[in-house]
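Structural overview for review
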Amino acid sequence: MSQQQLGRGPLRAPGPPGPTTPGGSPPTRFVSWLGRFGCVAAGYAVFQFLFGVLPDSIDGEPAKYLISGLSGFATVGMTWLAAALLRARTAGPTPLTTPAPLAPNAPGPLPQVFTSAYDTLAAQVAVVDDPVRGRLVGWPHSLQELDGPARPTSLATAYGLHIVLDLGVADGRLHTGDLIDTLWRLRLQGGGWSARSQGSVARPEVTAMVLGALARAGASRERLADEVARCEAGFTRELDGTGRALTHVVTTVMRGLLRAAPDAPTIPVLRGALVDGAFSDPQRQHRRCWSHRLSPLPWVGHPAQPSALHTAQAVVALDRAAVVLGEGPVERSAREDGVRWLLACPATGHDNCADLANLREEVRRRHPDDSSHHEVLNVRHFTASWIVRALLTPGAQEIARQDGLEDTWRELLNGAAAAVWAAQTDGIWSWSRDGSGFTTTEEMRQPIWMTYQGLSALRAHAVWMYQPDPRTRPVRDVVGE
């Protein structure tokens, strides 16, 4: 986003015009009189004057005509230029023209985007009276559900709660208490939460996501503690080997638990697994990065493929863990390598480079009731938003300063933020895997998680860009609501 998109004015305000002397100085009045007299007339006068005063010793009458004529033509040009310069200097500044209005479909400033997003969420919130769970207030996976009536889901409502908390709106069209109650009512019978396609067995990534939203909204630690314990107990290599091998799942659980239970004993274990899952990339100065898996499959022959998305997710998780738990040299080295790998992007343009391509992956687990079948969760990733969040971590900014790469860091960050901004319309983001639009009917057109990630990334970027005007004095003794 540019400074103008954020609503900032010019760095310098135009000052008042300087005082003017009536009539101008004597040289100015003379040139003005000469200009009004006429350039050609002035030149002819010079010609006649010189022809009359040149001595007869000059070689013949043709020479006198030549000298007088050239002087007359020079006088014409000089008089015209002097008069034009004087008019330009005394005419005053050219009045500023009013900029053309933005096109009707052009995105507005960031506050308007926030307002539009909130208005859409308020208009599309689903309210259902469930005979078993009671009154549910929240959202489905997409803001444009096409398959039957909209019904709140735990994951979408958790993202919606995050958005409401991020926007900090003052009206009561969306009440955080209703959303919190709904999340507790959507809890599975055995505890925990799962996505709509995962059935009745709690899954750690969804449970941790919901717990993080509830903790951020102010849920009691005692009530959260039971669910945190269940989440930790089920997220082991023996009980969930699939989830423990995936970068996305491990980092999601880490972020959720860091909000809900920062002292949970599972967090250091997961951080160790994340650090061990990094690998060297010879294409980028042998910096360590991450793939979608933390451990390669034993029957796959090709090596792990570097992923900007999963590297960004790992950097965010490791940075947040470092703030809460501190970090040793091993953890710090892995996190810093991940940042340097992101900064080593070889592309020339960073608003549509390959590192920003949206991705989709599958989380396949054996069905709990039938081991011959698999439970499949399609996970879509808004890559640009993760790049913004990773580059805006305090650790990333410090590394850029240490390495003298602040310009590179700023260029990458602004490019990713521009890609995030371009994907929204009136504060709502639409999914597109590669930027070419929707190719199949199964694509979610307006997933609420994408709107949350887009708003969160732009908000963080705007906070980083803000610099107070030094001429502005703080307003004191003002009481706000």
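As a reminder, the structure under discussion sits directly above these lines.
Summarised in this report is the structure supplied together with it.

Taken as a whole and assessed by the stated rule, the structure comprises four aromatic pairs. Ring geometry for Y159 versus Y452: centroids 5.7 Å apart, planes at 45°, classification tilted. Of the two residues, Y159 sits in helix α5 (residues 154-167) while Y452 sits in helix α17 (residues 448-465), which places them 293 residues apart along the sequence. Classification of Y159 by relative accessible area gives buried; the value is 14%.

Tallied over the full model, the rule gives two cavities of 30 Å³ or more. Within this model, the largest cavity holds a volume of roughly 70 Å³. Grouping the amino acids of the lining of the largest cavity by side-chain chemistry returns seven nonpolar, one polar and one charged. Looking at the second largest cavity, its volume works out to about 40 Å³. In terms of lining, the second largest cavity is formed by F114, I163, D166, L167, Y452, L455, S456 and R459. When residues of the lining of the second largest cavity are traced back to their parent elements, those giving at least two are α5 and α17. For the lining of the second largest cavity, the leading source of residues is α17, giving four residues. Class assignment for the residues of the lining of the second largest cavity results in five nonpolar, one polar and two charged.

Taken N-terminus to C-terminus, the directions of helix α13 (residues 329-343) and helix α15 (residues 394-402) make an angle of 70°; their axes are 10 Å apart at the nearest point. Overall, the two elements α13 and α15 adopt an arrangement that is roughly perpendicular. Contact residues: α13 offers R335, E336, V339 and R340, while α15 offers G395, A396, I399 and Q402. Of the residues that constitute the contact of α13 with α15, the class distribution is three nonpolar, two polar and three charged.

This part covers the state of the cysteines. Throughout the structure, instances matching the rule amount to zero disulfides. Left unpaired, C345 is separated from the closest cysteine sulfur, that of C353, by 4.0 Å.

Thresholds applied
Residues numbered from 1 in each chain as written. Predicted model: local features only at pLDDT ≥ 70, side-chain atom pairs only at ≥ 80, totals over all residues. Heavy atoms only, no water. Phe/Tyr/Trp six-rings, centres within 6.5 Å; stacked < 30°, edge-to-face > 60°. Helix = DSSP H or I, 4+ residues; strand = E, 2+ residues; numbered from the N terminus. Buried < 20%, exposed > 50% of the residue type's maximum accessible area, 1.4 Å probe, protein only. 1 Å grid on protein atoms, 1.4 Å probe; cavity = no way out; pocket = protein on both sides within 12 Å on 5 of 7 lines; lining within 4 Å. Points joined across faces, edges and corners; volume = space filled by probe spheres on them. Nonpolar A, V, L, I, M, F, W, Y, C, P; charged D, E, K, R; others polar. Axes fitted to C-alpha atoms, helices over the stretch in contact; angles between N-to-C directions. Parallel < 35°, antiparallel > 145°, perpendicular 65-115°, else oblique. Contact = heavy atoms within 4.5 Å. Disulfide = S-S within 2.5 Å.

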